[in-house]
Amino acid sequence: MVMMNNATSGLIWAFSFVILEAVQAVFFGGVFQAYDSFLIGGAVFGFTAAGTLIWAKMRTPDQLKTAWANRASVFGLNLSTALVWLAYFFALQMIEPAVVFTVFSGLIPISVLVASACRVPEASPLRNRLEGVGLIAVMIGVGYLAAITLLGQSGFVRGGWTAAMAGLLLTCVSAISLTAMMIYSQRLDGLGIAPAAQYGLRFPLYVMMALPAAWLGLDGKGPVDPSGLLAVIVVGFAIMAFPVFAMQKAISLMSTLSLAAITALGPLFVFLFQIVEGRVAYAPATMTGLMIYFVGAVLVAYGGARHSEVKSTFASGGSRRRTADFFDGQ
């Protein structure tokens, strides 16, 4: 029963992350784009990370001692987190956002499988044929979107072929970094460091990079209204910080490939929310790639969910049998 509860909780936290990220992108994207992304990110993640670290220091100081004893993994967690955000942001400046988000999301489960093939213990392998078929479709969709971007057939590219290549490479760096972050998180979880403490430990390096970038005006948007900035930061606690924490919780409750499969559904939720909002405008070539990708992402997620359900049911049945054996023995 515990295994079933863990599987269900993991799915709830994972879908919370994906859906809230889609809500942020569709309904609040314009609001956040009006402000310096480095300043917003540094403030939101800086304050929340400091809060969770203070909480961990008061409630679970042994977890921070364990983290200090495993500084290499904590640094890997920090570096991968910083690279995810920075590479993704710069990719958005070069190529179509829909392409960035979709290629990024699709490369995460593929990166997990590559890590599994390289025998990284925390990276889970392919579990069934349905996942395999879905991943093939995802790879075709990702490859198609990359190709039309390089050929100039997507919505836009700032700077021609060179910018397209740079944008795609940065998107790959971001996706691989997120996979590394998941692996380091699971490694630290195995050492007994809970999601709350890990959340606080993830962001120091990112904050140290984001705040100087904000001060230098790398994403400056001109004069800023202090009251508006404060309101955006407060909203950011709910739709930026909480989804990241939800992902941190999901990492502790499910395999890396299962989480990556659900994360791959992100572009589909964005597309559905854009239909609700009444704003769906993609280049025809981009739309074709998205449709191929959506089919694959749904198959991957469904295959992963079926695997988790079978595994949970088996574990629950095994638990009931062991309980019956125990009472029979009495």
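See the structure printed just above.
Since the model is a prediction, treat every value here as computed from it, not as a measurement. Here the residue numbering is sequential within each chain, running from 1 through the sequence in written order. Local features in this predicted model are restricted to residues whose pLDDT is 70 or higher, and side-chain atom pairs enter the listing and the counts only when it is 80 or higher, whereas totals over whole chains, interfaces and linings include all residues. Water and hydrogen atoms were dropped before computing side-chain values, which therefore reflect all heavy atoms in the structure.

Enquirer: Teacher, can you tell me more about the environment of Leu-151 here?
Expert: Only DSSP runs of H or I covering at least 4 residues are called helices, and only runs of E covering at least 2 are called strands; the numbering of each starts at the N terminus. Residue position: Leu-151 is located in the loop between helix H7 (129-150) and helix H8 (160-190). Taking the C-alpha atoms as reference, Leu-151 lies 8.7 Å from Ala-164; in sequence the two are 13 residues apart.

Enquirer: Please clarify how the nonpolar core should be interpreted in this entry.
Expert: For soluble globular proteins, the rule of thumb is that nonpolar side chains tend to be buried together. Nine residue types can take part in a nonpolar core, namely buried Ala, Val, Leu, Ile, Met, Phe, Trp, Tyr and Cys, and a core is a set of them joined through side-chain atoms within 4.5 Å. Buried residues are those whose accessible area, probed at 1.4 Å on protein chains only, stays under 20% of the maximum for their type, while exposed residues exceed 50% and partly exposed ones sit between those limits. Within the largest apolar cluster, 65 residues are counted, with the highest numbers of intra-cluster contacts made by Ile-108, Leu-178, Met-181, Met-182, Met-247, Leu-259 and Tyr-293. For this core, the leading source of residues is helix H6 (residues 97-117), giving 10 residues. Whether two residues are in contact is decided by their heavy atoms, any of which lying within 4.5 Å being enough. In this structure Leu-178 touches Val-84, Phe-104, Ile-108 and Met-247, once residues within four positions along its chain are discounted.

Enquirer: Explanation requested: H8 in the structure shown.
Expert: Residues three or four positions apart in an α-helix share a direction because the helix packs 3.6 residues into each turn. Expected helix span is given by 1.5 Å per residue-to-residue step, counting one fewer step than there are residues. With 31 residues, H8 ought to run about 45 Å at 1.5 Å a step, and its terminal C-alpha atoms sit 45 Å apart, in line with that. Two residues or fewer past H8, Gly-192 is found with a positive phi of approximately 95 degrees.

Enquirer: Please clarify how unusual backbone geometry should be interpreted in this entry.
Expert: Outside of glycine, negative phi angles account for most residues, and trans bonds account for most peptide bonds. The phi dihedral of Arg-119 falls on the positive side, at around 65 degrees, and the residue is not glycine. Among the structural elements, Arg-119 can be located in the loop between H6 and H7.

Enquirer: How should I be thinking about the pattern of salt bridges in this particular structure?
Expert: When the charged atoms of two side chains with opposite charge come close together, those side chains can pair. Salt bridges are defined as contacts in which a side-chain nitrogen from Lys or Arg sits within 4 Å of a carboxyl oxygen from Asp or Glu. Here the structure, examined in full by the defined rule, presents two salt bridges. Measuring nitrogen to oxygen at the nearest pair gives 3.0 Å for the salt bridge that ties Glu-122 to Arg-187. Of this pair, Glu-122 sits in the loop between H6 and H7 while Arg-187 sits in helix H8, placing them 65 residues apart in sequence. Given a relative accessible area of 16%, Glu-122 falls into the buried group. On the basis of relative accessibility, which here comes to 30%, the residue Arg-187 falls in the partly exposed class. A salt bridge links Glu-131 to Arg-127, with the shortest nitrogen-to-oxygen separation between them at 2.5 Å.

Enquirer: Even after reading the chapter, I still don't get a nonpolar patch on the surface, so can you show me in this structure?
Expert: Among the surface-exposed residues, Phe-47, Leu-230, Val-234 and Phe-237 lie close enough to one another that they form a single nonpolar patch of about 410 Å² accessible area. Counting residues per element, the nonpolar patch draws most heavily on helix H11 (residues 226-251), at three residues. Considering the arrangement of structural elements, one finds Val-234 in helix H11. When its relative accessible area of 48% is taken as the criterion, Val-234 is described as partly exposed. Patch membership requires more than 30% relative accessible area and the absence of a salt bridge. Residues of like charge join within 9 Å; the nonpolar side chains Val, Leu, Ile, Met, Phe, Trp and Tyr join within 5 Å. With residues, only the protein chains shown are counted as cover, and all accessible areas are computed by Shrake-Rupley using a 1.4 Å probe.

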